[in-house]
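# Structural features, examined
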Amino acid sequence: MEKKLGVFICWCGSNIASSVDVDKAAAEAAKLDGVVHAENYMYMCSDPGQQLVKDTITEKGLDGVVVACCSPRMHENTFRKAAGSVGLNSYLLEIANIREQCSWVHQNNKPLATAKAVSIIEGTLDKVKENLPLETITIDLTKRVCVVGGGIAGIMSALDLANAGYDVVIIEREPAIGGHMSQISQTFPYFHNVPELLKKKIDEVNAHPRIKVYVNSEVDVLDGYVGNFNVTIKTRPAFVDSAKCTACGKCLEVCPVKVDDEFNRGLSQRGAIFRYNQLETAKIPVLEQGDCLHFADSDSEDGGKCTACVDACPEDAIDLGTIRSLNEEFVGAIVMATGYDLYSPTNMPEYGAGKIPDVIDALAFERLLDPKGPTKGQVLRPSDGAVPKKVVFIQCVGSRDPERHKAYCSRACCMYTAKQARLYRQQVEEGTAYISYMDIRSDSKDFEEFVQKGMEEENLVYIRGRVAKVIEGDGCLQVFTSDTLSGRQVVIEADLVVLAMAMEPKAGIRELAKKMNVTIDGDAFLSETHIKLYPVESSTKGVYLAGCGQSPKDITDTVSQALATAGKIQTMFSNETLIADPLIAEVKDDVCSGCGICIEICPYGARLMNEFTRISDVNQAVCQGCGACIAACPNKACELINSTSRQFLRTIGDFASRSEAV
Amino acid sequence: MKTVISHSQVKSDFVEKVAEISGENFFNCYQCGNCSAGCPSVDEMDLLPSQVVRYLQLGLEDEVKNCKSMWVCAACMMCHARCPKGVDISKIMESLRVLKLREVNAEAHIDITDFSDDYLKRAPQIAMISGYRKFLPL
Ligand SMILES: Cc1cc2nc3c(=O)[nH]c(=O)nc-3n(C[C@H](O)[C@H](O)[C@H](O)COP(=O)(O)OP(=O)(O)OC[C@H]3O[C@@H](n4cnc5c(N)ncnc54)[C@H](O)[C@@H]3O)c2cc1C
Ligand code: SF4
Ligand code: SF4
Ligand code: SF4
Ligand code: SF4
């Protein structure tokens, strides 16, 4: 039976009406096959406009509607909802875009624009004629969350979700959670004691019955889709049994290995068995297999022989035979909180980094400020342990340098440099702190005041110019720079130089992003769906982003973003099931030859070969209706529901016949 | 001293000509000062290399045309090697010299034998080199 069709043409104020003759278009539309009602109205999306559509559907018993207006991205939902509210299946309403694709681009030719509008309406009517009434698809929802990365971003997101009543697993690559925040001494803009703040949060995580932490772990494989992810977790052995270990530290004394301690940025050394950081929460030693002589090549001198720590342990807590384990976790949502690394100072040979011991990066300086750090909180220079009297802090190192390094601003360094310089001045009263800067970016609450106070009361000497080079001079370092404000070339003598290195995404992020099916930008930061409106959503549904893995930022912004992901996930979990659009691919069982081309082409991994029927199935929850498989299938076995090839061809045919007419 | 900055200045023929000859976009420069920090000739300059670029950005033609810096520049290209934005100041300096010479006229073309040994010892090399340049129509 032929459908009774209605056409509603919107003026969009003058946006459409000034270049499309809406009366003429309505009259023409009324003449088209199957149309029982056609009219125009000034603002169809307004309440009275929607009422008009609803009333007409009821009065005339319409079973197909075309609203000719702006882009479907604007109001498709609005009108489909309206139609649904009076009992017409929403999918029998379609939008004919006569604004972006017609009136806006043909402003000087009303007759032609009007003819084009009518042909767009005709094409859309022909589509509606073959549209099927559809129901939304429901998808199961596992209300558990996996957080990848246990820095402050991961910790805060996990705590919020766990407190809301959901089970959370944290996957942390390192032997302890905390991330870079555990290396930081005090924070701007109020000199809060960071280890204290962090310990509180880590204790909360460890005590929370709903949070499970996998340390030494990474994602091995990710399967599934929004609401139903299956994460396989690969865990490196800990070797030390935390149930037996009393943290006496005897093993630490006997280990013959000495390597640079990464946590202290090479300012101290550690054994192959060591305490990962100075926090109370990481008292139990960890053993790094790569450094341990026991695991060295068996044909080398030491290979397989050393068992010093095992022998020394009075509790028998060390077992060098432990092997790596795999675990699976089923979750409905994932938070990517993988954080950052500092761009390696060795990329800056002109600053002597890596060669001159008294040129250090900013994280190393944080370690010097930590009362539990390698110098017990004393700022001492690495070369001879003397108190540096002249310290030069260089900002933007590796940042804002599109020619050779990173084009972006690393956002936290202006502020932490001011903080470090102030802490240095508070400790070394007779010392001078110089800060080489290009701009001071202090754009958050109380940040500007914090910097100004440093200049006014702690006499930080800000010198505006980018440093050309640092060399070893006579008994001190020489920093060659300029002061663009006075127009001079400047040389500063220094005892210690601190580089505020750029932040860059964590090592291994490219491989991880591929595994998680999320996109990254040109600098390898994780990409959000929309910088303004969907800032914590990744390109894959159900995967969210928080912290410095998405872009460089300070703790304040990291935590805000982490809490936003928790909020988003709670919104998702407030339903019992997920709802998906039914406008997806379908397969004609009798035509599909099982060639599998669609499986390779689908960018969302929605196609899967059915082992029994040897026909390629569509995973309804994952398919985004992009149409790639439809174009790729050599047998024409796939179609997009309500956008079939037949419908498209008819629409194109309508355009073709009309374009001859005009 | 008050300086008036106008559209006609910022877009002046002179500025456009320097841009054209050097092939450099002055507005790439964000005034970080790295060029000035590393330039070996600054001691004898009246404007820092970064200031030359700044003056060009503002279209301060007279100051740029009469600066000593362009004659002192050793064309060592240290500034270009260090510039985070890829600005080649040595090319800008060269185009300033070329423009200056074109302005003076063909008589400025030099013959080395016209100068005393003593003068040659004192004269900036870069000025002598520029003196040998071919002349092009303005
Ligand atoms: C020198 C310095 C001083 C600073 N001082 C301040 C300050 O005073 N105040 C302030 O607000 N901010 C400061 N910051 C910024 C602050 O460090 C960051 O904002 C904050 O640490 C970001 O936290 P995060 O959780 O996003 O990342 P991170 O701290 O980097 O945490 C990421 C975590 O994820 C883990 N991980 C990474 N990849 C994987 C993987 N594939 N699998 C499993 N786990 C993974 C990492 O091991 C790490 O534990 C400073 C930064 C620097 C460099
Ligand atoms: S935050 Fe400041 S120091 Fe860091 S890159 Fe940006 S401008 Fe430079
Ligand atoms: S329409 Fe796109 S998303 Fe859906 S199965 Fe085909 S290729 Fe995959
Ligand atoms: S180094 Fe480049 S960007 Fe910096 S002031 Fe000089 S020309 Fe400008
Ligand atoms: S080319 Fe000229 S301006 Fe540039 S660094 Fe060398 S002397 Fe200085």
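Residues numbered from 1 in each chain as written. Chains lettered and ligands numbered in written order. Predicted model: local features only at pLDDT ≥ 70, side-chain atom pairs only at ≥ 80, totals over all residues. Heavy atoms only, no water.

### So, the overall build of chain A
Operational definition: Only DSSP runs of H or I with at least four residues qualify as helices, and only runs of E with at least two residues qualify as strands; both kinds are numbered from the N terminus onward. Exposure classes here rest on a 1.4 Å probe applied to the protein chains alone. A residue is buried below 20% of its type maximum, exposed above 50%, and partly exposed in between. Only heavy atoms enter the contact rule, under which two residues are in contact if any of them lie within 4.5 Å. Note that accessible areas follow from Shrake-Rupley with a 1.4 Å probe, and for residues the cover is restricted to the protein chains shown. Note on charges: Lys and Arg go in the positive column, Asp and Glu in the negative column, and His and the chain ends are not counted at all. To locate a charge, take NZ of a lysine, CZ of an arginine, CG of an aspartate or CD of a glutamate.
The secondary structure content of chain A amounts to 17 helices and 34 strands. With the principal axes as the frame, chain A shows a C-alpha extent of 95 × 70 × 40 Å. Residues classed as buried in chain A amount to 52% of the 662 residues present. Expressed as a percentage of contacts within chain A between residues at least 6 apart in sequence, the contacts between residues at least 24 apart total 69%. Carbon together with sulfur atoms contributes 50% to the accessible area of chain A, which is approximately 29,800 Å² in total. Taking the average location of the 69 positive side-chain charges in chain A and that of its 89 negative ones, the two points are 2 Å from each other.

### Focus: the pairing of strand S26 (residues 488–494) of chain A
Residues and elements named next belong to chain A. Rules: Following DSSP output, two strands are said to pair if at least two bridges run between them.
Relative to S26, strand S25 (residues 477–483) is paired through seven bridges, and the arrangement is antiparallel. When the bridges of S26 are listed, Thr481 appears paired with Val490. Counting the residues in the hairpin turn of S25 and S26 gives four residues, including Gly487, whose phi is positive at 70°.

### Comments concerning the site of ligand 1
Residue and element names in this part refer to chain A. The following threshold applies: Note on definitions. A residue lies near a molecule or strand when any single heavy atom of the residue is within 4 Å of it. Any pair of N or O atoms that falls within 3.5 Å is considered a polar contact. Within protein, one atom must be able to donate a hydrogen and the other to accept it, and sequence-neighbouring residues count only if both atoms are side-chain atoms. Polar here means any residue outside two lists: the nonpolar Ala, Val, Leu, Ile, Met, Phe, Trp, Tyr, Cys and Pro, and the charged Asp, Glu, Lys and Arg; Gly therefore counts as polar. Domain delimitation follows an automatic or database domain assignment.
Neighbouring residues of ligand 1: 38 residues in total, closest Glu172, His180, Thr187, Tyr340 and Lys553. Measuring from an oxygen atom of ligand 1, one finds a backbone N or O atom of Cys548 at 2.9 Å. One of the backbone N or O atoms of Ile555 is found 2.8 Å from an oxygen atom in ligand 1. Surface burial for ligand 1 is 99%, taken as the share of its 1,000 Å² of free accessible area covered by protein chains. Secondary-structure elements contributing two or more residues to the shell around ligand 1 are helix H6 (152–163), strand S8 (186–187), strand S11 (217–225), strand S19 (340–342), helix H10 (362–369), helix H11 (413–427) and helix H14 (555–573). Of the residues belonging to the shell around ligand 1, the class tally is 16 nonpolar, 13 polar and nine charged. Taken domain by domain, the shell around ligand 1 gets at least three of its residues from each of domain 2 (144–236 + 325–339 + 506–573) and domain 4 (342–503).

### Overview of the domain arrangement of chain A
What the domain assignment lists for chain A is domain 1 (5–134), domain 2 (144–236 + 325–339 + 506–573), domain 3 (250–312), domain 4 (342–503) and domain 5 (581–641). Just the C-alpha atoms count here: the centres of domain 4 of chain A and domain 5 of chain A sit 57 Å apart.

### Brief notes about the site of ligand 2
All names here are of chain A. Lining the immediate surroundings of ligand 2 are Gln395, Cys396, Ser399, Arg400, Cys409, Ser410, Arg411, Cys413, Cys414 and Arg441. When contributions to the shell around ligand 2 are tallied by element, the ones reaching two or more residues are strand S21 (390–397) and H11. Taken together, the residues of the shell around ligand 2 sort by class into four nonpolar, three polar and three charged.

### Some words on helix H4 (residues 49–58) of chain B
All names here are of chain B. With respect to burial, H4 is a largely interior element, seven of its 10 residues being buried. Turning to H4, its buried residues number three or more, namely Pro49, Ser50, Gln51, Val52, Val53, Leu56 and Gln57. Gly59 lies just past H4 and shows a positive phi near 70°.

### What to know about the sheet that holds S26(A)
All names here are of chain A. Here is the rule: Lines fitted to the C-alpha atoms define the axes, with helices restricted to the stretch that makes contact. Angles between their N-to-C directions range from 0 to 180 degrees.
Across the sheet, which stays open at both edges, the three strands sit in the order S24-S25-S26 with antiparallel pairing between neighbours. Edge positions in the sheet fall to strand S24 (469–472) and S26, since each of these pairs with one other strand and no more. For this sheet, the mean inter-axis angle between neighbouring strands, taken without regard to orientation, is 25°. Inspection of the sheet shows S24 paired to S25 by four bridges, in the antiparallel sense. Opposite Glu472, over in S25, you have Leu477 as the bridge partner.

### Here we look at the confidence of the model for chain B
Residues and elements named next belong to chain B. Condition: The pLDDT value tells you how sure the predictor is about a given residue, anywhere from 0 up to 100.
Across chain B, pLDDT averages 88, with 91% of residues at or above 70. Helix H3 (residues 34–38) holds the highest mean pLDDT among the elements of chain B, 97, whereas helix H10 (residues 125–131) holds the lowest, 76. For this predicted complex, the interface score ipTM comes out at 0.86, alongside a pTM of 0.86.

### Description of the side chain of Thr484(A)
Summarising the element assignment, Thr484(A) is placed in the loop between S25 and S26. Given the relative accessible area of 16%, Thr484(A) is considered buried. Among residues more than four places away in sequence, those in contact with Thr484(A) are Arg464(A), Gln31(B), Cys32(B), Gly33(B) and Ser50(B).

### As for the packing of aromatic side chains
Residue and element names in this part refer to chain A. Formally: Only rings of Phe, Tyr and Trp enter the pairing, Trp through its six-membered ring, and a pair is recorded when the two centres are within 6.5 Å. The plane angle decides the type: under 30 degrees is stacked, over 60 is edge-to-face, the rest tilted. We call a charge positioned over a ring when the NZ of a Lys or the CZ of an Arg lies within 6 Å of the ring centre and within 35 degrees of the ring normal.
As enumerated under the stated definition, the model contains nine aromatic pairs over all chains in all. Seen in terms of ring centroids, Phe191 and Phe450 are 5.2 Å apart; in terms of plane orientation they differ by 50°. Their pairing is tilted. Taken as a pair, Phe191 in the loop between S8 and strand S9 (192–193) and Phe450 in helix H12 (residues 447–457) lie far apart in primary sequence, 259 residues in all. By relative accessible area, which is 22% here, Phe191 ends up partly exposed. Exposure remark for Phe450: the relative accessible area of 3% places this residue in the buried category. Summarising the aromatic geometry, the rings of Phe239 and Phe295 are spaced 5.2 Å apart at their centres and angled 45° between planes, so their arrangement reads as tilted. With Phe239 in the loop between strand S12 (228–235) and helix H8 (250–254) and Phe295 in the loop between strand S16 (286–287) and helix H9 (308–312), the pair connects residues that are 56 residues apart, well separated along the chain. What makes Phe239 buried here is its relative accessible area of 4%. Lying over the aromatic face of Phe274, Arg270 brings its terminal NZ or CZ to 3.9 Å of the ring centre. Above the face of the Phe450 ring, Arg422 is positioned so that its terminal group lies 4.6 Å from the ring centre.

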